[in-house]
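Letter by letter, the chains look like this.
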Amino acid sequence: MESGKKRKLFYGWIVVACLFLIAMFPMVFLSNFYSYYQVPICTEFGTSYVEFNVSNIASTVAGMCFSLFAASKITKGNTRVFMFVGGVVAALAILAQSYITSLWQLYVTFFVANFAFSAMTYVPINFIISRWFVDKKALVTSIVFTGSGLGGMLFSGIAAGIIADMGWRAGFRVTALIVAVTAVVVLLLVRKTPEEMGLEPYRKEGAADVQKQQAASQAPSWAGLSKGEAVKTASFWLYALCLICCGIAAAGIATQVPTYLIENGIDYAPVFAVFSGAGIVGKLVIGPIIDKVGISKGSILTTVIAVVSLVFLAMVPASGAWASYAAMAILPFGAAITSLAPPLLTGMCFGHKDFGGIYGLGNTFFMAGCMVGPMLTSGIRTAVGSYQTAWYVCMAVYALIAIGAVLAVSSAKKLRTVH
C-alpha cells in the first residue's frame, strides 16, 4: 500500500514537472519575450509599433479559435500526442518567422504558432492536473504556472542578449528549438490520466480527513455535463462572468501600471521587479489556501487582498513611491485568483465529462476580458484625466470575480442531482 502511494506521487510529480517546464520555457520565450522583437523588427522593416502589435491581436484570436473549436478534442483524444503535434507545428511556425520579409507574414506565422501552441498550454495543462489530483489542485496549478514567473526572471537577460547580439531571426530560431524539445519531453513523460499507468488520482489520506475522503471518492461517479448542457445552466453564465472579470483584472491593471508610475515620476522597473518576485510567492501561498478553504471563500479572500493593493495604488500621487511598492508587493496575492479560478471552477462546477470543451469556451471569455481590460483602464484615464477612477472600477471588477465564483459554485451544487 505504501509503495503504491509512493509510486502514485512519484509519477504524479513527474507529470507536474513536465507541465512546469512548459510554463517555464516555451510559454515564456514565445509569449513573455515577444515584445523584445518589436524594436528590431520595426527598425528593419520601417514599420510602426502599432503595425507590429497587430500580431498580438492575431495571437489572441488564434487562442480564442483554438478554445472554441479544438479544446474538447484535445481532452477527449490522446492528449499527449495532441500536445506533441501542437508543439511541433508551433516550432515550425516560429522557425518560419525567422525568415519573414514583411509584417503580413509575421501575422500569419504568429497566428499559426499560437493556435498550435494552445494545444500544449492552458487547456491540456489544467485538464491533466484535474485528472491527476483530486486534492491539492490549486497548489499544483500554482506550482505549474509559477514556472512562467520564474522563467521570466531567469531568462529575460538571456533572451534580450540573443536578440541584441545574434539578431531577432536567431531569437526566433532559439525559441523554435525550445518549443520542439519541450514537445518531445511531453510525448515521452506526460500521461493524460493516472489510470493509463494503472494508478489512481492523488487524494489526501488520514483519519482526520475520512469524511472528506468519502466525498472525494464519490466525485468520479458524476461525470459532469457536456458543453451543450453546461451553457444552458445559470452556473455557466455566472462562471463566464467570473472569467471575463478575471481577464479584465489581469490585463487591465498590469498593462497600465508602468504608464501610471511614469506619470507620477516613479521608475517602474524596480517596482515591477518586486511585482514579479511577489508573483512567484503569491501563487504558491494562495494555492494551498484555496485548497483548504475552497474556491468560494478563496475568491472572497483574494478580492479583499486585491482591493487593498488597489487602494495603495490609488494613493501613489499623494504618497509617492512607497505606495507603489506596497501595491505591487500585495497585488499578486490577490491577482492569483485570476489564473486559479478558471480551471478550478470548470472542474468543480461541470465535472470532467467535457472539461476541454467547457474550459475552452470559458477561456474565450477570459481572453475577451484580457482584450477589454487595457482598453477599459486606459479609456477611463483618457476620459477623466487620471488612473485613480480606473483603479476604483478595478476594485468593483474584483468584487464581481468573487460574486461570480460564489454564485457559480452554489448554483452548480444542484446540477449533480439534476443530471
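Look above for the structure.
A. View of the overall build of the protein chain. The number of helices and strands found in the protein chain is 21 helices and zero strands. Rg of the C-alpha trace for the protein chain: 21 Å, near the compact-globule value of 22 Å for 419 residues, within the 12% margin. Taken over the C-alpha atoms alone, the protein chain extends approximately 60 × 50 × 40 Å along its principal axes. Looking at the protein chain as a whole, 50% of its 419 residues are labelled buried.

B. Expanded view of empty space enclosed by the protein. For the coordinates displayed, the defined rule picks out two cavities of 30 Å³ or more. Each pocket or cavity is described by its volume, and for the largest cavity that value is around 50 Å³. Listing elements by their share of the lining of the largest cavity, those giving two or more residues are α9 (137–166) and α10 (168–189). For the lining of the largest cavity, the class distribution of residues is seven nonpolar, two polar and no charged. Size it by volume and the second largest cavity reaches roughly 40 Å³. For the second largest cavity, the full set of lining residues is F29, L30, Y34, Y37, I94, Q97, F172 and T175. For the lining of the second largest cavity, the secondary structure elements donating two or more residues are α2 (26–32), α6 (79–97) and α10.

C. How the structure looks around the nonpolar core. Of all hydrophobic cores here, the largest spans 114 residues; its most connected members are L313, W391 and Y398. In contact with Y398, not counting residues within four places along its chain, are A249, I253, T303, A306, L310, L331, G334, A335, I337 and T338.

D. Structural detail: the environment of L189. As for its placement among the helices and strands, L189 is situated in helix α10. Distance from L189 to V89, taken between C-alpha atoms, is 19 Å for residues 100 residues apart in sequence. Apart from residues no more than four positions distant in its own chain, L189 is found in contact with I14, V15 and C18.

E. Highlighting the packing of aromatic side chains. In the structure shown here, the tally under the stated rule is 26 aromatic pairs. When the ring of F45 is compared with that of W168, the centres are 6.0 Å apart and the planes differ by 80°; the resulting orientation is edge-to-face. Separated by 123 residues along the polypeptide, F45 in helix α3 (residues 38–45) and W168 in helix α10 bring together distant segments of the chain. For F45, a relative accessible area of 22% puts it in the partly exposed group. We classify W168 as buried; its relative accessible area is 5%. Here F236 and F350 contribute two aromatic rings whose centre-to-centre distance is 6.1 Å and whose plane-to-plane angle is 50°, an arrangement assigned as tilted.

F. Local environment of the pattern of salt bridges. Going through the model one piece at a time under the given rule, you end up with four salt bridges. Of the charged contacts in the structure, one is a salt bridge between E44 and R169, with a shortest N-O distance of 3.0 Å. Taken together, the positions of E44 in helix α3 and R169 in helix α10 put the pair 125 residues apart, joining distant regions of the chain. According to the relative accessible area criterion, E44 is partly exposed, its value standing at 44%.

G. Quick look at the packing of helix α4 (residues 49–69) against helix α7 (residues 103–117). For the pair α4 and α7, the least separation of the axes is 8 Å and the interaxial angle reads 30°. Classified by the interaxial angle, the pair formed by α4 and α7 is roughly parallel. The two elements α4 and α7 cross, and the hand of that crossing is right-handed. Touching E51, F52, V54, S55, N56, A58, S59, V61, A62, C65 and F66 of α4 are L103, L106, Y107, F110, F111, N114 and F115, all from α7. Residues belonging to the contact of α4 with α7 are distributed by class as follows: 13 nonpolar, four polar and one charged.

H. Fine view of α9. The end-to-end C-alpha distance of α9 is 41 Å, a good match for the 44 Å that 30 residues give at a rise of 1.5 Å each. The largest bend in α9 is about 55°, located at F155. Downstream of α9 by one or two residues, G167 has phi in the positive range, about 105°.

Conventions we followed
- Residues numbered from 1 in each chain as written.
- Predicted model: local features only at pLDDT ≥ 70, side-chain atom pairs only at ≥ 80, totals over all residues.
- Heavy atoms only, no water.
- Helix = DSSP H or I, 4+ residues; strand = E, 2+ residues; numbered from the N terminus.
- Rg over C-alpha atoms; globule rule 2.2 N^0.38 Å.
- Buried < 20%, exposed > 50% of the residue type's maximum accessible area, 1.4 Å probe, protein only.
- 1 Å grid on protein atoms, 1.4 Å probe; cavity = no way out; pocket = protein on both sides within 12 Å on 5 of 7 lines; lining within 4 Å.
- Points joined across faces, edges and corners; volume = space filled by probe spheres on them.
- Nonpolar A, V, L, I, M, F, W, Y, C, P; charged D, E, K, R; others polar.
- Core = buried A, V, L, I, M, F, W, Y, C linked by side-chain atoms within 4.5 Å.
- Contact = heavy atoms within 4.5 Å.
- Phe/Tyr/Trp six-rings, centres within 6.5 Å; stacked < 30°, edge-to-face > 60°.
- Salt bridge = Lys/Arg side-chain N within 4 Å of Asp/Glu carboxyl O.
- Axes fitted to C-alpha atoms, helices over the stretch in contact; angles between N-to-C directions.
- Parallel < 35°, antiparallel > 145°, perpendicular 65-115°, else oblique.
- Left-handed = near helix turned anticlockwise from the far one by under 90°.
- Expected span 1.5 Å × (residues − 1).
- Bend = angle between axes of the 7 residues up to and from the residue.

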